[in-house]
Structures are given as structure tokens and as C-alpha cells.
Amino acid sequence: MIISRGISRSLRRSDWILGRWGFCFPVSHSCVSSAESVSSAVVPDSKVFSSSQSYSWGCRHLYGYGREIHHTATSTSTVEDQLDPFSLVADELSILADRLRDMVVAEVPRLASAAEYFFKFGVEGKRFRPTVLLLMATALHVPVSMLPPNAVMDTFGMDLRTRQQCIAEITEMIHVASLLHDDVLDDADTRRGIGSLNFVMGNKLAVLAGDFLLSRACVALASLKNTEVVSLLAKVVEHLVTGETMQMTTTSEERCSMEYYMQKTYFKTASLISNSCKSIALLAGQTTEVATLAYDYGKNLGLAYQLIDDVLDFTGTAASLGKGSLSDIRHGIITAPILFAMEEIPQLREVVERGLSDPEDVDLALEYLGRSRGIQRAKDLAAKHATLASEAIDSLPQTHDEDVRRSRRALVDLTRRVLTRTK
């Protein structure tokens with residue numbers, strides 16, 4: 001099974017277009033054990049964006065929302081105490097990296113080499129998702145005595161923090177599996193600055209390695225013995241497949257629809273981090289309201305990340321990404337900057353409807369994009385979602401615990417980093 005691109009399909013850039021059009025633009029347990037049968041999935045509404053939630057220029061829901069990421073007195077972010085979010089969980093990230101390398105060991109040497117390809121020292125990536133989830137675990141920390149009477153703490157032989165770390169490990173394995181499958185679909189030859197697995201070992205082994213990682217994630221997930229969490233993360237895999245299928249089978253009308261694009265973006269990118277954040281809350285026995293806030297943070301952070309990713313596909317340098325640039329448009333994939341540019345320049349839609357299989361049409365589309373505000377409007381939409389993510393953190397129950405407050409500030413800081421990243 002080939003699943004879709006994950007969050008790190010991100011970061012495709014090209015200095016060629018930049019030059020041509022001048023855009024300024026402490027752990028003691030393993031989380032692996034025997035699997036158990038689970039109940040049917042309990043998942044969010046499959047229609048994330050209703051037909052009334054348009055993402056065109058006149059969208060009141062987002063474009064009328066006239067604030068950038070806020071820096072008010074009520075915000076959990078303060079100028080005088082900004083910390084590097086990654087440094088706050090650096091020790092745990094190191095432990096997780098070691099454990100992940102142990103979890104992907106396979107009996108067949110060739111498969112073992114393939115499965116551990118992106119878990120080796122030096123090519124682990126930024127580990128953005130584990131960082132978010134570990135920070136969320138601390139941000140939602142509530143002493144047991146403060147939990148509501150009907151809250152049930154999951155233990156099953158593991159302490160809470162270890163179980164939440166396990167969510168981070170599962171999420172990373174699902175993400176890396178999506179990268180392996182994604183590179184096969186795109187016939188990519190580089191990833192994270194090295195040869196992609198399909199380029200080095202072939203498509204068949206790359207697909208099998210991705211499947212193996214998914215199987216290891218499933219075993220780890222079953223060890224948590226929480227049917228709601230199992231259902232949420234199983235649904236994530238379904239969303240990845242659904243999103244990829246949406247991208248591969250679009251009609252001409254769907255390719256030009258912002259609503260369709262946002263739905264697909266949720267499935268392919270935001271579902272993984274949003275449902276993982278919610279799982280962190282559920283394991284902690286949090287209320288439905290708090291679990292929903294955790295989900296909202298992850299969803300909006302994921303959407304903002306992908307929107308900036310789509311901008312960087314046009315504005316940056318391939319060298320900084322470690323993989324090809326202008327990848328989407330060269331594959332005929334229409335993203336937010338082009339969609340917004342089409343609303344300004346109707347002729348661009350005619351070019352898009354021809355399929356972008358002709359390199360001259362790609363050049364023409366890029367020229368139209370350079371004459372429009374498509375890049376800036378995509379950035380503006382990302383900023384709206386980043387603000388919504390930040391507000392979800394600000395809406396969490398108040399606390400005087402400094403560790404909790406620090407982690408919440410770090411989560412808000414990540415929303416800014418998503419917007420300002422260049423790779």
C-alpha cells in the first residue's frame with residue numbers, strides 16, 4: 001500500500017524562479033507489544049471543510065479575520081521568555097531516536113537497511129512532529145488530583161510520559177513510511193540531502209520498507225491498549241491514502257477548487273499531527289474540550305505548515321531542501337499560490353486546464369504567478385491558521401506550573417517558526 005505525502009513533503013524550493021521573477025518573498029519501557037483487536041473507529045467528521053467554508057478571496061472565515069499571530073498580554077507567548085522549542089525536549093528526542101532505531105530492526109538484512117534508512121544518525125530530519133507532541137504532553141500536564149471525576153488514566157504497566165512518547169514514535173514511523181511511499185510515487189531521487197531510498201534500493205524495496213514501518217507502528221499502537229487512540233491513528237493512515245488518491249484522480253474542476261485543495265491538505269498533512277495531539281490529550285485523561293483544543297492546534301499548525309511548504313516550492317533554493325524544487329507544478333499539482341493567482345489572472349486557469357504537461361505551459365504559469373499576489377495570499381492564509389493554532393493553546397485551562405507554561409509558550413513559538421522558515 002502506498003500512502004501519501006506527510007508533512008515533510010514540505011520544503012520544495014527553487015532559486016531559479018527567485019532570480020527570474022524576483023519574488024521577495026526518562027524512559028524505561030518499550031512501547032512495542034502484542035496487538036489486540038479494537039472497536040470500530042471513532043473519528044472526526046470526514047468532511048473537514050463544509051461547502052460554506054470557502055477559501056476564495058471573499059472568505060469571511062479567514063480573510064476577514066484581521067489579525068496576525070497575536071502578541072497580546074493574554075497570550076502565552078512573551079518576548080522576554082522565548083525558548084528554543086527543540087531544546088526543551090532535546091534529551092527526550094535523543095532517547096526516542098535510539099528507540100526508533102531499535103524498533104525498526106528486521107530479520108532480513110536488506111529490509112533492515114531499508115527500514116532504518118531515515119532513522120540513521122545525520123538523516124533523521126528536524127523531528128518536528130515528535131517535538132510538537134512532547135511539548136503538547138507537558139503543556140497538558142495536570143496533576144491526577146485535578147482531573148475530572150470521570151477521567152480514566154491509562155497505565156497498563158507504562159507511566160504516562162512513556163505512553164505519550166510512544167505516540168511520538170508511532171507518529172514518526174507513520175510519517176517516514178509516507179515519505180518512502182511518496183518518493184516512489186514522485187519518482188524522486190533525493191530526500192534530506194541524500195539519495196532517496198527508491199533511488200538507492202529500488203521502488204519495490206522502498207514500498208516494502210514503508211509497509212514494514214507501518215506494521216511496526218501498528219504493533220506499538222496496540223501496546224497502548226486504548227481503543228480511541230488506536231482508532232484515531234488508524235484513521236490517519238486512511239486519510240493519507242484518501243488524500244493521495246484525491247490528488248491523483250482530480251477532475252479539472254477539483255484541481256481549481258480551493259476547498260478541494262484544503263480538504264486534501266488536511267488529509268495528507270494536518271490529520272497526522274492533529275490526531276496525534278488529540279491522542280496525547282486522551283492518554284492523559286483530559287476532558288473532551290481540552291482534547292479538542294489539542295486537535296485544533298495540530299490541525300491548524302499542519303495546514304499552516306503545508307501552505308508555507310507550497311510557497312517554498314516556488315520561492316526557495318533546491319540546495320537548502322535536499323530534494324527537488326518546483327516539484328508540484330512540474331507534476332501538474334496545483335497548490336494555493338497558483339489557485340490564488342488564478343483568481344487574479346483568468347488566463348492562468350486556461351493554462352492549468354491544459355494539464356501543465358508542456359514545459360512551456362509551466363513557464364507561462366510561473367510567469368502569471370510572478371505577476372500576481374498568489375504567493376503573498378498563500379502566506380496570509382498560513383498566518384490565519386497559525387493564529388488559530390496559537391489561540392487554541394491560549395484557550396487551555398490556566399495553570400501556574402512553570403514547566404507547563406514554558407511548553408505552551410514553545411508551542412506558540414512553533415507557529416511563528418512555521419511561518420518564517422526558509423527550508
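Scroll up a little and you will see the structure.
Residues numbered from 1 in each chain as written. Predicted model: local features only at pLDDT ≥ 70, side-chain atom pairs only at ≥ 80, totals over all residues. Heavy atoms only, no water.

A.B. asks: Explain the pattern of salt bridges residue by residue, including any values.
C.D. replies: Scanning the model with the defined rule gives 15 salt bridges in all. Here aspartate 98 ties to arginine 101 by a salt bridge, and the two come within 2.8 Å at their closest N and O atoms. Highlighted residues: aspartate 98 and arginine 101, both in helix H3 (residues 90–103), separated by three residues, approximately one helical turn. A relative accessible area of 15% places arginine 101 in the buried class. Two residues, aspartate 403 and arginine 406, come together in a salt bridge whose shortest N-O distance is 2.9 Å. Of this pair, aspartate 403 and arginine 406 are both found in helix H19 (residues 402–420), three residues apart, which corresponds to roughly one turn of the helix. What makes aspartate 403 partly exposed here is its relative accessible area of 47%. Members of the salt-bridge network, linked through shared partners, are Asp84, Asp413, Arg416 and Arg417. (Salt bridge = Lys/Arg side-chain N within 4 Å of Asp/Glu carboxyl O. Helix = DSSP H or I, 4+ residues; strand = E, 2+ residues; numbered from the N terminus. Buried < 20%, exposed > 50% of the residue type's maximum accessible area, 1.4 Å probe, protein only.)

A.B. asks: Hey, could you go over the packing of aromatic side chains for me, with residue numbers and the actual values?
C.D. replies: Taken as a whole, this structure holds two aromatic pairs when the rule is applied. Considering the side-chain rings of phenylalanine 128 and tyrosine 305, the 5.1 Å spacing of their centres and the 50° angle between planes classify their relative orientation as tilted. In this pair, phenylalanine 128 is assigned in helix H5 (residues 128–139) and tyrosine 305 in helix H12 (residues 288–315), connecting sequence segments 177 residues apart. According to the relative accessible area criterion, phenylalanine 128 is buried, its value standing at 7%. For tyrosine 305, a relative accessible area of 2% translates into the label buried. Relative to phenylalanine 267, the ring of tyrosine 266 lies with its centre 5.8 Å away and its plane at 55°, an arrangement referred to as tilted. Across this residue pair, the class does not change: tyrosine 266 and phenylalanine 267 are buried. Sitting over the ring of tyrosine 305, arginine 421 keeps its end group 3.8 Å from the ring centre. (Phe/Tyr/Trp six-rings, centres within 6.5 Å; stacked < 30°, edge-to-face > 60°. Lys NZ or Arg CZ within 6 Å of the ring centre and 35° of its normal.)

A.B. asks: Requested: an account of the environment of proline 397, with residues and values cited.
C.D. replies: Take proline 397: it is sitting in the loop between helix H18 (374–394) and H19. Residue classification places proline 397 among the partly exposed positions, given a relative accessible area of 45%. Residues proline 397 and valine 290, spaced 107 residues apart in sequence, show a C-alpha to C-alpha distance of 8.0 Å.

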